[in-house]
Amino acid sequence: MKIVIFLGAPGSGKGTIASRLSESDEKLRHVSSGDLLRDAVKRQTTAGVEAEGYMKRGELVPDAIIGQMIGDYVSGIKGECTVLLDGFPRTVAQAEILDGVAGHCGAELTAVVLLEVSDEIIVERIAGRRGCPKCGAGYHIRNIPSRVEGICDVCGTGLVVRKDDNPETVKNRLSVYKEQTVPLIEFYGSRGLVRRIDGAGRIDDIVRMTRQALS
Ligand code: AMP
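1. Section: the packing of helix 2 (residues 33-43) against helix 4 (residues 63-75)
- Where helix 2 meets helix 4, the axes come as close as 11 Å, and the angle between the chain directions of the two elements is 105°. Comparing the axis directions of helix 2 and helix 4 gives the class roughly perpendicular. For the pair helix 2 and helix 4, contact is made by Ser33, Leu36, Leu37 and Ala40 and by Ile66, Met69, Ile70 and Tyr73, respectively.
- Considering only residue class, the contact of helix 2 with helix 4 consists of seven nonpolar, one polar and no charged.

Below is the structure:
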């Protein structure tokens, strides 16, 4: 198994790009730490109940909780594939947990895709973000509109704004990213793994540049 990490601020497009890549290649598996956590909250598992408050405030969930979830998920994957890890790790401690998980599963960390986007664009993107609460499909009112406004193309459910996409929480998530996640650029840069991608343009172009960077 290979692992590619997607790094970038909230709203930088990690989930969109990783899911576009995995849709067109069955060997690529998109795993989003945010989706795993939202699912745990929805099901009110022990980890979900503990994580909920941190997520509402835009803070990071404790490393041990998310580390365990990702470890369980990755070690359960069977067969040859490349895991696109979106949103994990977000701290140096999590990166060390991932090294342990990779060692345990015989997986190789092959690249870290860093999506670079200005704060202005991030705020605009998050303000327009919509999601399907049923199937998880993601939209943006301008950049990725659904065919019928407010309705999921895939399953016809009404689209919603994520609870933590309000302006106050977004501000907090951005400062958490700068303080706790940006140090990972140096951490993985020193291993020669970081591939910087301009995440500001059209989605098709970003997908193409990312594919090139990983080939
Ligand atoms: P995301 O969908 O990646 O924007 O994540 C939504 C929220 O889930 C974050 O604001 C955090 O509260 C939590 N979260 C997701 N991934 C992690 C992680 N690797 N470490 C800690 N908290 C996380």
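From this point on, the discussion continues.
2. Regarding the site of the ligand
- Taken together, 16 residues surround the ligand, and among them Ser33, Glu59, Gly87, Arg90 and Gln94 come closest.
- Note that an oxygen atom of the ligand is positioned 2.6 Å from one of the backbone N or O atoms of Glu59.
- Calculation on the ligand without its partners gives an accessible area of 480 Å², and the protein chains cover 96% of this total.
- Counting residues per element, the shell around the ligand draws most heavily on helix 2, at four residues.
- Per-class residue counts for the shell around the ligand are six nonpolar, four polar and six charged.

3. Topic: the packing of aromatic side chains
- Per the counting criterion, the structure on display carries one aromatic pair.
- Seen from their ring centres, Phe187 and Tyr188 are 5.0 Å apart, and the 90° between their planes marks the pair as edge-to-face. Taken individually, Phe187 and Tyr188 each receive the classification buried, so the pair is uniform in this respect.
- For Arg57, the ring lying beneath its charged end belongs to Tyr54, and the centroid distance is 5.4 Å.

4. Focus on the sheet that holds strand 3 (residues 82-86)
- Overall, parallel pairing links the five strands, which are arranged 2-3-1-4-7 in an open sheet. One side of each edge strand has no neighbouring strand; the edge strands of this open sheet are strand 2 (28-32) and strand 7 (194-198). Strand after strand, the sheet turns through a mean of 25° between neighbouring axes, direction not considered.
- Taken together, the six bridges between strand 1 (residues 2-7) and strand 4 (residues 108-116) define a ladder with parallel strand orientation. Residue pairing across strands places Leu7 opposite Leu114, the latter belonging to strand 4.
- Its contacts with the sheet put helix 2 on strand 2 and strand 3, and the angle it makes with strand 2 is roughly 55°.

Quick notes on the rules
Residues numbered from 1 in each chain as written. Predicted model: local features only at pLDDT ≥ 70, side-chain atom pairs only at ≥ 80, totals over all residues. Heavy atoms only, no water. Axes fitted to C-alpha atoms, helices over the stretch in contact; angles between N-to-C directions. Helix = DSSP H or I, 4+ residues; strand = E, 2+ residues; numbered from the N terminus. Parallel < 35°, antiparallel > 145°, perpendicular 65-115°, else oblique. Contact = heavy atoms within 4.5 Å. Nonpolar A, V, L, I, M, F, W, Y, C, P; charged D, E, K, R; others polar. Near = heavy atom within 4 Å. Polar contact = N/O pair within 3.5 Å; in protein donor to acceptor, adjacent residues only side chain to side chain. Areas by Shrake-Rupley, 256 points an atom, 1.4 Å probe, with all protein chains shown as cover. Phe/Tyr/Trp six-rings, centres within 6.5 Å; stacked < 30°, edge-to-face > 60°. Buried < 20%, exposed > 50% of the residue type's maximum accessible area, 1.4 Å probe, protein only. Lys NZ or Arg CZ within 6 Å of the ring centre and 35° of its normal. Pairing = 2+ DSSP bridges.

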